[in-house]
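In case you want the letters, here they are:
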There are 2 protein chains.
Amino acid sequence: MESLRKYMFGLMVKAWRICGKAWTSIWTVGKEDPRRIIHAFKVGLSLTLVSLLYLMEPLFKGIGSNAMWAVMTVVVVLEFTAGATLYKGLNRGLGTLVAGSLAFLMEFIATEYGKIFGAIFISVAVFVIGSAATYMRFLPDIKKNYEYGVVIFLLTFNLITVSSYRVDNVLKIAYDRFYTIAIGCGICLVMSLLLFPNWSGEELHNSSVSKLEGLAMSIEACVSQYFKDHELEPDISKEESEDHDPIYMGYKAVLDSKSYDATLAKHASWEPRHSRHCYRYPWQQYVKLGAVLRRFGYTVVALHGCLETEIQTPRSVRALFRDPCTQLAGEVSKALTELADSIRKRRQCSPDVISDNLHKALNDLNTALKSQPRLFVGSETNQTSNMLALAAVTARQSVDNHLPSANTESSTLHDWKLSKRVSKKTKEARKVLRPTLSKNAITSLEFSEALPFAAFASLLVETVARLDIVIDEVEELGTKANFKEFYADDEIT
Amino acid sequence: MESLRKYMFGLMVKAWRICGKAWTSIWTVGKEDPRRIIHAFKVGLSLTLVSLLYLMEPLFKGIGSNAMWAVMTVVVVLEFTAGATLYKGLNRGLGTLVAGSLAFLMEFIATEYGKIFGAIFISVAVFVIGSAATYMRFLPDIKKNYEYGVVIFLLTFNLITVSSYRVDNVLKIAYDRFYTIAIGCGICLVMSLLLFPNWSGEELHNSSVSKLEGLAMSIEACVSQYFKDHELEPDISKEESEDHDPIYMGYKAVLDSKSYDATLAKHASWEPRHSRHCYRYPWQQYVKLGAVLRRFGYTVVALHGCLETEIQTPRSVRALFRDPCTQLAGEVSKALTELADSIRKRRQCSPDVISDNLHKALNDLNTALKSQPRLFVGSETNQTSNMLALAAVTARQSVDNHLPSANTESSTLHDWKLSKRVSKKTKEARKVLRPTLSKNAITSLEFSEALPFAAFASLLVETVARLDIVIDEVEELGTKANFKEFYADDEIT
């Protein structure tokens, strides 16, 4: 009895916890994007409206049980953004129309022959058209813009063809059905276009802006962390800290944006031009910009990799180049922010602001590298060797000076690796068999301590080259989308 | 008359060309993946079978016009892979069942009150449940596994609730509908599970293998191209050549695999265990492996970036390190191929093969760098400075020696940039205002000619570190999926 009570109590606590979790989840979803709540209410309202076709006597008399199709249309067509609703609605309308016409033709032929031959003819037609339409769905062009339409075509065609075999006035059925579907589509369109509309195009536009800003943030955070004076606390596990890492947060959205961008652009292309101008808006240019930003993002990931790599240039060496690197990153970041700002305000970007300062920053880095000719005397043209040799020798010196700390570093690495391995106790037996790769990582410390800084600097210069391409794409976007001209007296962030 | 004939002729030629294009497209789709053709036939066959419910007298008598629901189910549920079909079919069944129960409850309450209050009650219920269910679709857990089920729930609930207002024996309707939907689902399941099934799990498994192989190919191609003796032909435009670039082809599939992997894993988790063993197959581990491979891929992209960057280390300098780099890349590539092979054959990987050779390759690179202490005498511990200084000074020398060729290179770059710009004639006026960034790129040649090789070497070492993580994940996959043990006498590719 006592144990049963305990069990029940435990169960209640568990249930309470699950409820709490569910509530948090529900709350978060709404808080993240309040438009979701509005959308939910819109669907509820549309369904209620369409139900009135059934519930109200005079309306029902006109439409009858075909009102079912209106209900179905609302459930299936009404989507979160206006573009998606239009895509589905128009595809549904088109698919139904084509299917209806074709089915009517089939029925006309089938009734020419008798019952038996008619049935055979219909079966063959269903098979052939079913196979052909399904195959069509794989074609890239169809898949991109009309996949849903083909599904609806198949659905409607089969329903009408097959049921026409038992019913006489198939035209009446088709007409009624089309009529109610039109009512359903109409309600959906009103709801999605007129009542708090969410535009896919806006979403795409805003996501481009936030991607540019995220990359700007990432680069700046990356460089500032690289030149930080102290090591990061190692007690946070890597997976956990990744979610709060500003660098990762900045480029995360960029990396996996391909399919999201493509979907938004597809839906946006179905949306009416809701701006003042009536030109064809270049949504595909946003997709192109997204691709260029992804390429830019990969460079940032590699830059981030320089922070996480197991072989590190000592901080004392890095400190020598902190200012020019920080400045260059700052300028790249500023340029990206300016680009983001120009897109947000739908104006063309101010190109001279971008490259004047960037040029200066690159020169500064150059000067900084030139001004360190301590170690061996070379001609003025030999800056490269100066810098790298300096970096290398200083690295060596600092290792000699701070040998204990260097040892600590590498043993920390070793410990971390070890703890990682110990935690996987089941695999330990196999691990002994394999000389661990971490040994390699430590061995490689011997020869490549100055390499990471060189890689870091090189990747930083690489971002400038990539920035050039990003600017080109943003300019092309500005031209194609008829953004307003840039005037020097506009405020510049 | 003549012009009309000409016009008609032109039209016919155009139509012929369009037909040709369409045919090529249709042919390619089938050739790329012949399973598509089989799938199309399967859909046609299923539709024909389900049509027989209507067409054949005895069957029709039993089921009647509800056969419509079976047709609808087949069109909507039968998907390309077995997992997707199961996901949709089971979701549809579940959604219909829950919706039916709830609708029955609603109707029971609604009939308690009169006609008017019943109608109001139904309207309110439709609104509340419509809103709540739509909101639920945004919850991550629901969205991941049950989104389609919620749509079907909403659809069925509304259809039954609303139509029950006009019809008396709603239980009979619900029963008939469920019955026909079950027939439809049954046909779909037979078709997708028994007749030439395409398993999402297989697809995921194979795509992991091909991703590993692609990366292996990319790395090898990357290094061999970096150390090639001659420049690539510049006459192929960049966008065009990208599609045939073996490096790009190798990592392309890896970069944007996130949503595809997630979808396949979702569908695979609905599939029955079709292997001999009945354990829960770790599909999520494939997704994790995919994420690690994407990280690896970003490093390869950065490596590829070293080939494309505007500042290049002269080929004569690169040639000094060709052998060790090629060897290291070869070993990494071999390790990846071995991992791919172990997954393909569902056996655990042989770890000692991987790290022994890798270790050796790293050491060889180390030795190669040590063995070039030509320029200034340093202690044995100063290999880094030796190598980098050597690289830098040799770079300088080769520039001095081959000044014409170096000039050609940079002017080729300039020409390419210029031609790119000239082609955008509309923007020329603005370009004059902006000091082109290519100027920066050329300016930066002054100080960072040796940097790119350092970056290249560093990134190559980085791939080894990343390989470690990939191996960990593949081992975990092997353990979780109960791959067969590795024996030394197994053949090794």
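Bear in mind the structure is a predicted one, so any value in this text is a computation, not a measurement.

About the thresholds
Residues numbered from 1 in each chain as written. Chains lettered and ligands numbered in written order. Predicted model: local features only at pLDDT ≥ 70, side-chain atom pairs only at ≥ 80, totals over all residues. Heavy atoms only, no water. Axes fitted to C-alpha atoms, helices over the stretch in contact; angles between N-to-C directions. Helix = DSSP H or I, 4+ residues; strand = E, 2+ residues; numbered from the N terminus. Left-handed = near helix turned anticlockwise from the far one by under 90°. Contact = heavy atoms within 4.5 Å. Salt bridge = Lys/Arg side-chain N within 4 Å of Asp/Glu carboxyl O. Phe/Tyr/Trp six-rings, centres within 6.5 Å; stacked < 30°, edge-to-face > 60°. Buried < 20%, exposed > 50% of the residue type's maximum accessible area, 1.4 Å probe, protein only. Lys NZ or Arg CZ within 6 Å of the ring centre and 35° of its normal. Disulfide = S-S within 2.5 Å. Parallel < 35°, antiparallel > 145°, perpendicular 65-115°, else oblique. pLDDT = per-residue confidence, 0-100. Arc of directions from axis to C-beta. Patch = residues over 30% accessible without salt bridge, like charges linked within 9 Å, V, L, I, M, F, W, Y side chains within 5 Å. Areas by Shrake-Rupley, 256 points an atom, 1.4 Å probe, with all protein chains shown as cover.

Caption draft 1: Summary view of the packing of helix α10 (residues 200-226) of chain B against helix α13 (residues 258-270) of chain B. Residue and element names in this part refer to chain B. For the pair α10 and α13, the least separation of the axes is 8 Å and the interaxial angle reads 145 degrees. Viewed along their axes, α10 and α13 form a crossing whose handedness is left-handed. Facing Ser200, Gly201, Glu203, Leu204, Ser207 and Lys211 of α10, the residues of α13 in contact are Tyr260, Asp261, Leu264, Ala265, His267 and Ala268.

Caption draft 2: Quick peek at the pattern of salt bridges. This structure, assessed with the given rule, holds 26 salt bridges over all chains. Measuring nitrogen to oxygen at the nearest pair gives 2.9 Å for the salt bridge that ties Asp341(B) to Arg344(B). Pair noted here: Asp341(B) and Arg344(B) are both in helix α16 (residues 322-344), with a separation of 3 residues, about one helical turn. Here the salt bridges share partners, and the residues they tie into one network are Glu213(A), Glu338(A), Asp341(A), Arg344(A), Lys345(A) and Arg347(A).

Caption draft 3: Summary view of the environment of Asn206(A). Tracing the chain through its elements places Asn206(A) in helix α10 (residues 200-226). For the pair formed by Asn206(A) and Arg344(A), sequence separation is 138 residues and the distance between their alpha carbons is 7.2 Å.

Caption draft 4: Summary view of the packing of aromatic side chains. Counted according to the given criterion, the structure contains 19 aromatic pairs over all chains. Judged by centre distance (5.9 Å) and plane angle (20 degrees), the ring pair of Phe153(B) and Phe157(B) falls under stacked. In this pair, Phe153(B) and Phe157(B) are both assigned in helix α8 (residues 147-164), 4 residues apart and thus about one turn of the helix distant. Of the residues examined, Phe157(B) reaches a relative accessible area of 0% and is grouped as buried. Taken together, Tyr87(A), Tyr146(A) and Trp270(A) form an aromatic cluster joined through their ring pairs. Over the ring of Tyr148(A) we find Lys88(A); its NZ or CZ atom is 4.9 Å from the centre of that ring. The ring of Tyr87(A) has Lys266(A) sitting right over it, with the charged end atom 4.5 Å from the ring centre.

Caption draft 5: Local environment of the side chain of Ser200(B). All names here are of chain B. Along the chain, Ser200 falls in helix α10. Since its relative accessible area comes to 0%, Ser200 is described here as buried. Setting aside residues up to four positions removed in sequence, Ser200 forms contacts with Thr81, Gly83, Ala84, Leu264, His267, Ala268 and Glu271.

Caption draft 6: Quick look at the state of the cysteines. Residues and elements named next belong to chain A. All told, the structure shown has 0 disulfides over all chains when counted by the stated rule. The thiol of Cys185 is not disulfide-bonded; the next cysteine sulfur, from Cys188, is found 6.2 Å away. Since its relative accessible area comes to 13%, Cys185 is described here as buried.

Caption draft 7: View of the packing of helix α2 (residues 35-55) of chain B against helix α4 (residues 67-77) of chain B. Residues and elements named next belong to chain B. The contact between α2 and α4 brings their axes to 9 Å, and the two run at 175 degrees. Comparing their axes, α4 and α2 come out roughly antiparallel. Side by side, α2 and α4 meet where Ser46, Leu47, Val50, Leu53 and Tyr54 of the first sit next to Ala67, Met68, Ala70, Val71, Val74 and Val75 of the second.

Caption draft 8: Examining the confidence of the model for chain A more closely. Looking at chain A as a whole, its pLDDT mean stands at 72, while 70% of the residues score no less than 70. Contacts from residues 233-237 of chain A, a stretch scored under 50 in pLDDT, to residues over four places away or in other chains number 1 contact.

Caption draft 9: Spatial organisation of helix α12 (residues 246-255) of chain A. Of the positions making up α12(A), those classed as buried are Ile247(A), Tyr248(A), Gly250(A), Tyr251(A), Val254(A) and Leu255(A). Down the axis of α12(A), the buried side of the element spans an arc of 160 degrees, and every buried residue falls inside it.

Caption draft 10: Representation of a nonpolar patch on the surface. There is a patch of nonpolar side chains on the surface, built from Tyr113(A), Ile116(A), Phe117(A), Ile120(A), Val124(A) and Val128(A) and spanning about 650 Å² of accessible area. Inspection of the secondary structure puts Phe117(A) in helix α6 (residues 115-136).

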